[in-house]
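Here are the chains, one letter per residue:
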Amino acid sequence: MIGNTIGLIALALGWRRSILTWPAQLLSGVVLIAAYASAQLSGGVGKQLLVIGVAAWGWHQWSRGRQQAQDGSIAVRFATWKERGLLLAGAVLGTLAVGGLFTLYPSLSWSPWADAYIFVGTLVAMVAQARGLVEFWFAWLLVDLVGVPLAFNSGLAFSGLVYVIYFALVLWGMRDWWLRTRTPALEGTPA
């Protein structure tokens, strides 16, 4: 519950384009590693280690480009067609690879293909977020469309509720980032 709540905070901070989103994602990953380890779910531990690695990379990316927008926040933009193709190819190939791994080793996941889709979609979203791409929100939306029903069907009501809240934050954040690409920021004020 604590790890998922910190994850919600991280998403809200991402919507605000705050660099604090990355340490929050790291903390969420550490808490979730402890939870998965105590439940002896090695697949969950492995997934969170990768998420922590991408969060550290994202933090570095945003630290380097923090002053790109006139209001002092991260500048956001739409991906190029090439970047979209790479994100899509990474999502498809990653899901096939991780789903195959989860199928080969059933102890890693009770729902191999859905878990692979959610896991790889999360990594794709985090990479797009680190690059300041509006498509980051679309990736999260697609993850939530599978994550919400899977959580409720698996009897994980709290996780399902968290995904519903993620869904609302994603829609709100997507609108905000989209508008920021359409309206240039005035000097010293948010767009």
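In case you missed it, the structure is sitting above this.
Along each chain, the written sequence defines residue order, and numbers are assigned to residues from 1. It should be noted that, the model being predicted, local features are given only for residues of pLDDT at least 70 and side-chain atom pairs only at 80 or more, the latter also being counted only at that level, while totals for whole chains, interfaces and linings use all residues. The side-chain quantities take in all heavy atoms of the structure and omit both hydrogens and water.

**Student:** Is there a simple way to explain the overall build of the chain in this structure?
**Tutor:** The numbering of helices and of strands both runs from the N terminus, where a helix is a DSSP run of H or I of at least 4 residues and a strand a run of E of at least 2. Across its full length, the chain holds 7 helices and 0 strands. Traced from its N-terminal end to its C-terminal end, the chain shows the element sequence α-α-α-α-α-α-α. Under the scheme applied here, a residue whose accessible area is under 20% of the maximum for its type counts as buried, over 50% as exposed, and between as partly exposed, the area being computed with a 1.4 Å probe on protein chains only. Across the 191 residues in the chain, those meeting the buried criterion constitute 47%. Looking at the chain alone, contacts between residues at least 24 apart form 66% of all its contacts between residues at least 6 apart. A contact between two residues is defined here by any heavy atoms of the two lying within 4.5 Å.

**Student:** I keep staring at unusual backbone geometry and nothing clicks. Help me out?
**Tutor:** The phi angle of most residues is negative, glycine excepted, and most peptide bonds adopt the trans form. Positioned with a positive phi, Arg17 is a non-glycine residue whose angle comes to about 60°. Among the structural elements, Arg17 can be located in the loop between α1 (2-15) and α2 (21-38).

**Student:** How should I be thinking about the nonpolar core in this particular structure?
**Tutor:** Across soluble globular proteins, nonpolar side chains show a tendency to be buried alongside one another. By nonpolar core is meant a set of buried Ala, Val, Leu, Ile, Met, Phe, Trp, Tyr and Cys residues that side-chain atoms within 4.5 Å join together. Residues Leu11, Phe136 and Trp137 are the most contacted members of the largest nonpolar core, which totals 48 residues. Of all elements in the fold, only α1, α2, α3 (42-64), α4 (81-104), α5 (112-130), α6 (135-153) and α7 (157-182) reach the threshold of two or more residues within this core. Examining the composition of this core, we find that 11 residues originate from one element, α5, more than from any other. Ignoring anything within four residues of it in the chain, the contact list for Leu11 reads Phe136, Trp137, Trp140, Tyr166, Leu169 and Val170.

**Student:** I would appreciate a short explanation of the side chain of Gln25 in the present structure.
**Tutor:** Relative to the helices and strands, Gln25 is located in helix α2. What makes Gln25 buried here is its relative accessible area of 11%. In contact with Gln25, other than residues within four places in its own chain, are Ala10, Ala55, Met126 and Gln129.

**Student:** Help me out: how do you make sense of α4 in this one?
**Tutor:** Helical geometry: 3.6 residues make up each α-helical turn, so side chains three or four residues apart lie on a common side. Its 24 residues give α4 an end-to-end C-alpha distance of 34 Å, which sits within 8% of 34 Å, the value for a rise of 1.5 Å per residue. What α4 keeps buried is the set Glu83, Leu87, Gly94, Thr95, Val98, Gly99 and Phe102. Helix span, expected: 1.5 Å multiplied by one less than the number of residues in the helix.

**Student:** Any chance you could explain the packing of α5 against α6 here in plain terms?
**Tutor:** Packed helix pairs are characterised by how far apart their axes lie and by the angle those axes make with each other. Lines fitted to C-alpha atoms define the axes, with helix axes restricted to the stretch in contact, and inter-axis angles between N-to-C directions lie between 0 and 180 degrees. The interhelical angle for the contact between α5 and α6, taken along N-to-C directions, is 160°, at an axis separation of 8 Å. As the angle between them shows, α5 and α6 are arranged roughly antiparallel. The interaxial crossing formed by α5 with α6 has left-handed handedness. Facing Ala114, Asp115, Tyr117, Ile118, Gly121, Thr122, Val124, Ala125, Ala128 and Gln129 of α5, the residues of α6 in contact are Glu135, Phe136, Ala139, Trp140, Leu142, Val143, Val146, Gly147 and Leu150. Throughout this entry, Asp, Glu, Lys and Arg are counted as charged residues, while Ala, Val, Leu, Ile, Met, Phe, Trp, Tyr, Cys and Pro are counted as nonpolar. The remaining residues, Gly among them, count as polar. Among the residues forming the contact of α5 with α6, the class breakdown is 13 nonpolar, 4 polar and 2 charged. Should an angle fall under 35 degrees it is called roughly parallel, over 145 degrees roughly antiparallel, and 65 to 115 degrees roughly perpendicular, with every other angle called oblique. Crossings are classed by handedness, with left-handed meaning an anticlockwise turn of the near helix from the far one by less than a right angle and right-handed meaning a clockwise turn.

**Student:** Which parts of the structure should I look at to understand the environment of Trp137?
**Tutor:** Position of Trp137 relative to the elements: it lies in helix α6. By relative accessible area, which is 0% here, Trp137 ends up buried. In contact with Trp137, not counting residues within four places along its chain, are Leu11, Gly14, Trp15, Leu169, Val170, Gly173, Met174 and Trp177.

**Student:** Looking at this model, I keep getting lost on the packing of aromatic side chains. Mind explaining?
**Tutor:** The relation between two aromatic rings is expressed through the spacing of the ring centres and the mutual angle of the planes. Only Phe, Tyr and Trp rings are paired, with Trp represented by its six-membered ring, and only when their centres lie within 6.5 Å; those with planes under 30 degrees apart are stacked, over 60 edge-to-face, the remainder tilted. By the definition in use, this model includes 8 aromatic pairs. For the ring pair Trp137 and Trp177, a centre distance of 5.6 Å and an interplane angle of 85° mean the geometry is edge-to-face. On the criterion of sequence distance, the pair formed by Trp137 in helix α6 and Trp177 in helix α7 is long-range, its members being 40 residues apart. The structure contains a cluster of three or more aromatic residues connected by ring pairs, namely Phe78, Phe138 and Trp178. The ring of Trp15 has Arg16 lying over it, and the distance from NZ or CZ to the ring centre is 5.3 Å. Whether a charge sits over a ring comes down to the Lys NZ or Arg CZ being within 6 Å of the ring centre and within 35 degrees of the ring normal. Between Arg84 and the ring centre of Trp81, over which it is positioned, the NZ or CZ distance is 4.5 Å.

**Student:** How do you make sense of a nonpolar patch on the surface when you look at a structure like this?
**Tutor:** Note that patches include only residues with greater than 30% relative accessible area and no salt bridge, and the join distances are 9 Å for like charges and 5 Å for nonpolar side chains (Val, Leu, Ile, Met, Phe, Trp, Tyr). Only the protein chains shown count as cover for residues, and the accessible areas themselves come from Shrake-Rupley with a 1.4 Å probe. The working definition used for a salt bridge is a side-chain nitrogen of Lys or Arg within 4 Å of a carboxyl oxygen of Asp or Glu. The grouping of Leu88, Val92, Leu93, Leu96 and Trp113 at the surface amounts to a nonpolar patch, some 530 Å² of accessible area in total. It is α4 that provides the largest number of residues to the nonpolar patch, a total of 4 residues. Its place among the elements puts Trp113 in helix α5. Residue Trp113 is classed as partly exposed on the basis of its relative accessible area of 43%.

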